[in-house]
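Structural overview for review
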Amino acid sequence: MLCGLGGFSLLLGLASREQRLQRWTRPLSGLVWAALLALGLGFLFTGGVVSAWDQVSFFLFVIFTVYAMLPLGMRDAAAAGLASSLSHLLVLGLYLGPQPNSQPALLPQLAANAVLFLCGNVAGAYHKALMERALRATFREALSSLHSRRRLDTEKKHQEHLLLSILPAYLAREMKAEIMARLQAGQGSRPESTNNFHSLYVKRHQGVSVLYADIVGFTRLASECSPKELVLMLNELFGKFDQIAKEHECMRIKILGDCYYCVSGLPLSLPDHAINCVRMGLDMCRAIRKLRAATGVDINMRVGVHSGSALCGVIGLQKWQYDVWSHDVTLANHMEASGVPGRVHITGATLALLAGAYAVEDAAMEHGDPYLRELGEPTYLVIDPRAEEDEKGTAGGLLSSLEGPKMRPSLLMTRYLESWGAAKPFAHLSHVESPVSTSTPLPEKALSSFSPQWSLDRSRTPRGLDDELDTGDAKFFQVIEQLNSQKQWKQSEDFNPLTLYFREKEMEKEYRLSALPAFKYYAACTFLVFFSNFIIQMLVTNRPPALTITYSITFLLFFLLLFVCFSEHLTKCVLKGPKMLHWLPTLSVLVATRPGLRVALGTATILLVFSMAITSLVFLPAASNCPFRAPNVSFTASNLSWELPGSLPLISVPYSVHCCVLGFLSCSLFLHMSFELKLLMLLLWLAACCSLFLHSHAWLSDCLIARLYLGALDSSLLRPGVLKEPKLMGAISFFIFFFTLLVLARQNEYYCRLDFLWKKKLRQEQEETETMENLTRLLLENVLPAHVAPQFIGQNRRNEDLYHQSYECVCVLFASVPDFKEFYSESSINHEGLECLRLLNEIIADFDELLSKPKFSGVEKIKTICSTYMAATGLNATSGQDAQQDAEQSCSHLGTMVEFAVALGSKLDVINKHSFNNFRLRVGLNHGPVVAGVIGAQKPQYDIWGNTVNVASRMESTGVLGKIQVTEETACALQSLGYTCYSRGIIKVKGKGQLCTYFLNTDLTRTGPPSATLG
């Protein structure tokens, strides 16, 4: 016994101090159990006469501890519990069996012991099974929450990338808030505002330099390219330009066909913004020189730079693109248009900021550009010191290696550009971390690595382990750590460490009102404890009629309770019975969902078990009248009966103690009962038991001892030791079980609350993840058309290749407000042009609102260019679909575009009415084949290219205010749809020569419907 006690103390000391012994939890638990078993067996033969009821409560404690306290698997716990039971039964059976018949019948007592141990094993296994099930569910929910959290983090990263691909960071936060408001108010709707204006996200920045660059000769080259070659060529070229812009601290603003423009000095002011732009322009020219020398393709780069101030931001509601506006921006654009191929054309303002960093020469040209001619200021061309070296270094270089069979210039250029290795658009969306899969089986090692009794102290992990853990492993470790029961005593953001109440009152209320479907199983297991008490009483008593009647009534109450709890599973049988019982299934649901009813029934059930555990004491005399303590009783009276006169046998006293211990266990079977209620019930039961066995019925224990030691010859055996005193050992057992079950009750409370918390977090994170996914989808669809966005989102996205698509019949619209250029001014009255842009924002936003109408669902906004609105129809048709249909059907969407153009005019009329202006729309339409694609890794942009687009743009720029100008082919197609057109005549179109154009008769949108004018 001393060895077992010493070993047990040593093991406890080691377990509490050395966390590395966690890997040895199974053998360590086995040693703890063996030490406890050795103590129990030692106690059997210590302190007096050995009896059949000796140390039953201690062995019951060992059995329950093996299941509820030690970190063993169910099989190991069951084996240890059964071994403990059998060891007690066999040792006492073998020891007491051959002895003279001086004690009460041994077989009923051993049978009662067996029932006690069986009940302890079943209750312990039930407790362990439910706890393991709850822990596994909590663990799964924790992993699911981790999975959702990682998905949420991924979606947030996607949002940041998407927002930053459209906007600079300083605007992204404001825009994201508006998108969230739109998402909450309903997709596509605009949150209510305190004024009648749309939100304007534009700020003025002083001290910036603007660079415009155009690829000379690219239009002719593009006409020879296949769609894939064209998109690849543009992505590689502009990807290279994006890299150069990043190197020189410039921000790309927008891509307009083959025109590229950027700004230095945004969003943070830079003192050397002019030098940055000039360096970038020179590097762009140099890259094109190398390309030309390597491939022999006749293309060049024309760059214009000007320094000043700009209004920067986003206008409109859809297809956001960060843009810049100001007179200085317009001047930079004209500097590019009037520049020299292969050179950087700068103004005097930029030259002043260069501070002699570069040599320049006068442009020495008479400007054909009216805008520059009107300004009358000198301009300059920057001298690139590397130009001559580049010409010498590339002569006969790569070009000679490509000699051989003659290749198309476009193919030759594409092959060379692939070596630049520009990133693909939305490449950051391709490599998403694989979240933890909750569908795969949970690793048993992971589940066994935590336990209610053993701590996971991360501070004691081997040195360097934290460095090797990646983010996912670290979060996984944190999940395991939180499942450690010792966390209940530490400060937490969610729990009060003393009461375990949730810090949020709403969450605490929700927890207490949550449903508990498992309540019926708690009641069923409590009935098992009650039934065990009944069998024990029947074995050790003479079964008086009053006791039988009492148990019969209690059985009836229990059966009624169980029938109510399980009637939901017996609905078919109940409905076939009398109508008066049809309400029982509803009552079963109420028991599971109504906490008040549940607490009342649970408390009543436990009180029934308590009362029946001590019922046998009622049938014992209350007065101290023990015949075995009379002075005339001699040692020769050892054959006297063990029964008190007219009462129950004395051996029912220790078994009443054991039944009271089972009563303690019944309180722990209600896992989800609140800790404070369990504490109250355990305290009341402890006080009642101690009062009975140490005070009112203490004489029964003394009488039993007197009878047991009656006739002892050795004076040292006249009184037993503490270990053999029923009332003292009973009281010790009560306190041991009280504190043990109190610890388990708090632990159960912690895990129940933790399970509820993880479930709630999981629901919240799933909802938040869904919101973020919708937000990511809205963001992406705000960059790309709805039919293109799925190519870059979703679980099976494949964006290894560039997205490109060719269409046979697309109608392209350019609608501008030319009067806005005259309206725009920069003065202190209008906040340096900011109020002018506010009006432009209203115009574009009202145009965007038309896109949400069902009849314009086929209209796709492409971009805005200052006060010009670009849109197209026919882009949602699949490739080749149009070619398989006849001309009238394939171009039927032209009518939608005409209706959209008329609606734009109507919107502008409304704005004129409210703003007291007289803006008029100038519209150009054209239809034909186009190539669509997504280019640019830094700021991916959907665009369309082709002769159709160029001609549509010329139709607008050469048009007339208040008119819709179309080409001859488009006029024929519209006439076939019922529209009327009249010839304008032959006009000169830049880059196209002489073209015969038509005006759409907008007095009647079609020949039949009522008239509609274009404002």
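Residues numbered from 1 in each chain as written. Predicted model: local features only at pLDDT ≥ 70, side-chain atom pairs only at ≥ 80, totals over all residues. Heavy atoms only, no water.

1. Observations regarding the overall build of the protein
A count of helical and extended segments in the protein gives 35 helices and 16 strands. Looking at the protein as a whole, 53% of its 1015 residues are labelled buried. (Helix = DSSP H or I, 4+ residues; strand = E, 2+ residues; numbered from the N terminus. Buried < 20%, exposed > 50% of the residue type's maximum accessible area, 1.4 Å probe, protein only.)

2. A short note on the packing of aromatic side chains
This structure, assessed with the given rule, holds 40 aromatic pairs. Judged by centre distance (4.5 Å) and plane angle (10 degrees), the rings of Tyr 212 and Tyr 261 are stacked. Taken as a pair, Tyr 212 in strand E1 (residues 201–216) and Tyr 261 in strand E3 (residues 259–264) lie far apart in primary sequence, 49 residues in all. For the pair formed by Tyr 212 and Tyr 261, the shared burial category is buried. Among the aromatic residues, ring-to-ring pairing joins Phe 527, Phe 530, Phe 531, Phe 534, Tyr 551, Phe 555, Phe 558 and Phe 559 into one connected group. (Phe/Tyr/Trp six-rings, centres within 6.5 Å; stacked < 30°, edge-to-face > 60°.)

3. What about the nonpolar core?
Formed by 120 residues in total, the largest nonpolar core has its most connected members in Ile 536, Phe 664 and Phe 734. Looking at this core element by element, the count peaks at 14 residues for helix H29 (residues 726–783). Every residue in contact with Phe 734, bar those within four places of it in the chain, is listed here: Val 657, Cys 660, Val 661, Phe 664, Leu 686, Cys 689, Cys 690 and Phe 693. (Core = buried A, V, L, I, M, F, W, Y, C linked by side-chain atoms within 4.5 Å. Contact = heavy atoms within 4.5 Å.)

4. Structural notes on a nonpolar patch on the surface
On the surface, Leu 694, Val 722, Leu 728, Ile 732 and Ile 736 cluster together to form a nonpolar patch covering roughly 370 Å² of accessible area. The dominant element in the nonpolar patch, judged by the number of residues it contributes, is H29, at three residues. For Ile 736, the position within the fold is in helix H29. Judged by relative accessible area, Ile 736 falls into the partly exposed class, the value being 33%. (Patch = residues over 30% accessible without salt bridge, like charges linked within 9 Å, V, L, I, M, F, W, Y side chains within 5 Å. Areas by Shrake-Rupley, 256 points an atom, 1.4 Å probe, with all protein chains shown as cover. Salt bridge = Lys/Arg side-chain N within 4 Å of Asp/Glu carboxyl O.)

5. Brief notes about helix H24 (residues 595–613)
With 19 residues, H24 extends 27 Å between its outermost C-alpha atoms, agreeing within 8% with the 27 Å of an ideal straight helix rising 1.5 Å per residue. When H24 is considered as a whole, its buried residues turn out to be Pro 595, Arg 598, Gly 602, Thr 603, Thr 605, Ile 606, Val 609, Phe 610, Met 612 and Ala 613. (Expected span 1.5 Å × (residues − 1).)

6. Brief notes about the pairing of strand E15 (residues 981–989)
Here E15 pairs with strand E16 (residues 993–1000) via eight bridges, running antiparallel. Within E16, the residue paired with Ser 983 across the bridge is Tyr 998. Hairpin connection between E15 and E16: a loop of three residues separates the two successive antiparallel strands, and Gly 991 in this loop has a positive phi of roughly 80 degrees. (Pairing = 2+ DSSP bridges.)

7. Comments concerning the state of the cysteines
Under the counting rule described, the total for this entry stands at zero disulfides. There is no disulfide at Cys 972, and the cysteine sulfur nearest it, in Cys 981, is 8.5 Å away. (Disulfide = S-S within 2.5 Å.)

8. Describing unusual backbone geometry
In terms of backbone geometry, most residues other than glycine have negative phi values and most peptide bonds are trans. Pro 267 follows Leu 266 through a cis peptide bond whose omega is -10 degrees. The phi torsion at Gln 55 lies on the positive side, around 55 degrees, for a residue other than glycine. With respect to the helices, strands and loops of the structure, Gln 55 is situated in the loop between helix H2 (25–44) and helix H3 (56–68). Using a relative accessible area of 6% as the deciding quantity, one classes Gln 55 as buried. Not every positive phi belongs to a glycine, and Phe 916 is a case in point at roughly 55 degrees. Following the sequence through the fold, Phe 916 ends up in the loop between helix H33 (893–915) and strand E12 (922–935).

9. Here's the deal with the side chain of Glu 725
Locating Glu 725 in the fold gives a position in the loop between helix H28 (698–708) and H29. Within the structure, the side chain of Glu 725 is placed 3.5 Å from the side chain of Ser 701, a separation counted as a polar contact. (Polar contact = N/O pair within 3.5 Å; in protein donor to acceptor, adjacent residues only side chain to side chain.)

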